[in-house]
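A look at the structure
Below are the chains, spelled out letter by letter.
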Amino acid sequence: MAAEREFVSQPLVTEIYTADPSAHVWDDTLYIYPSHDIETDIPMDDTGAHFAMRDYYVLSMTEAGGEVTLSDVVLDVDDVPWAEKQMWAPDAARKGDKYYLYFPAKDYDGIFRIGAAVSDSPTGPFTAEPKPIEGSYSMDPTVYQDTDGEYYMYIGGIWGGQLQRWTTGEYVAEDIYPADDEPAIAPLIAKMSDDMLSFAEEPKEVMLLDTDGTPIKHGDNEKRFFEAAWIHKYDGTYYFSYSTGDTHNIAYATGDNPYGPFTYQGVVLEPVLGWTNHHSIAEFNGQWYVFYHDTQLSGGQTHLRNVKMMPIQHNEDGSIETVNAFAD
């Protein structure tokens, strides 16, 4: 049970359940865009139906360990014309004087799409576009602003994330997975248009390579991509980090451009309390942190999570020190 473990970090907020934190630092303030877990009687299954989230809040702070401000609701599923349910892990971006919230939700056909919403404030409220981003599908959008000012969206997740239903290029209502010795299903990348509301190109696969230079195989559950793509840049290198899903690690791979390929390097965060492991990585006031969730507040209920943060370190050789959420 949660009470029997000693945790390195404590939940950032306890008023609501939060998960899937996407962290950004703008104007010396840290903003975290989480999903909002809610109580539900929906049975657990591999499609993630019990993750029935329907709205978003924003957390903000000006120093690590300081007071955390919890916003009001910044976007609700009822305010998104095309979305029916399951507003899962979001992300946000800033361009000029506008802020953009990107979120997955199932449309009325039960297909995950990626939506966009706009605000004049990083803490909303956000006004959703009437339709999802054209050409988008699956879940877990993350938008990375490169040092040259270009923006890229990464998306994808298997199992409940439906990426395995798009292997033919069209949505099919069945799960199609590679054989264990074939390359794993890849996440996707698309450069964003100037308006930040559309793709400037067709989404492309992001190749993840094993240490021997071959594609990571579908059967390699310790290394293959499952969900929760995130990217950050350190000392000129691009770090693509992600969840391995049913092996519960946050792994990372490195490359020399946003499109990859990225070569597997190791584990950032080992398994936490609860089935899911979902993160982001950002530098705040000179220190790098991994933002993650576990289920401490709910005593281990997988669909009722809480957001945390923990320092991480890049070594001289560019590797990231593996961290664990438990102090014991």
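Shown above is the structure to which this text applies.
Residues numbered from 1 in each chain as written. Predicted model: local features only at pLDDT ≥ 70, side-chain atom pairs only at ≥ 80, totals over all residues. Heavy atoms only, no water.

**With respect to unusual backbone geometry**
Our working definition: Note on conventions: DSSP H or I runs of at least 4 residues are helices, E runs of at least 2 residues are strands, and numbering of each starts at the N terminus.
Looking along the chain, the bond that leaves G124 and enters P125 is cis, with omega of 5 degrees. Tracing the backbone shows P125 in the loop between β10 (112-119) and β11 (127-128). One non-glycine residue with positive phi stands out, namely W159, at about 55 degrees. Even without being glycine, N285 reaches a positive phi, approximately 55 degrees.

**A short note on the environment of A325**
Quick reminder of the rule: Here, residues are in contact when the closest pair of their heavy atoms is within 4.5 Å.
Of note, A325 is situated in the segment after β23 (306-311). The residues touching A325, leaving out its near neighbours within four places in the chain, are E6, F7, V8, L269, V272, Y292 and M310.

**Quick look at the sheet that holds strand β13 (residues 151-155)**
In plain terms, the rule: The pairing criterion is simple: DSSP has to find at least two bridges between the two strands.
Pairing is antiparallel in the open sheet, where 4 strands are placed in the order β12-β13-β14-β15. Edge positions in the sheet fall to β12 (142-145) and β15 (204-205), since each has one partner strand and no second. Here β13 pairs with strand β14 (residues 188-191) via 4 bridges, running antiparallel. Paired with M153 across the bridge in β14 is A190.

**Digging into the pairing of strand β20 (residues 262-269)**
Note the following rule: Type-normalised accessible area, obtained with a 1.4 Å probe on protein chains alone, sets the label of each residue: buried when under 20%, exposed when over 50%, and partly exposed for intermediate values.
Along β20, 6 of the 8 residues are buried, which leaves the element largely enclosed by surrounding structure. Bridge count between strand β16 (residues 208-209) and β20: 2 bridges; the pairing is parallel. Opposite L208, over in β20, you have F262 as the bridge partner. Across 5 bridges, strand β19 (residues 250-255) lies against β20 in antiparallel orientation. Across the sheet, residue Y252 finds its bridge partner in β20, namely G266. Between the end of β19 and the start of β20, which pair antiparallel, lie 6 residues, with G260 showing a positive phi angle near 85 degrees.

**Brief notes about the environment of E63**
Position of E63 among the secondary structure elements: in the loop between β4 (59-61) and β5 (69-70). Classification of E63 as partly exposed rests on a relative accessible area of 48%. Taking the C-alpha atoms as reference points, E63 and L30, separated by 33 residues in sequence, lie 7.7 Å from one another. Look past the residues within four positions of E63 in its chain and what remains in contact with it is F284 and N285.

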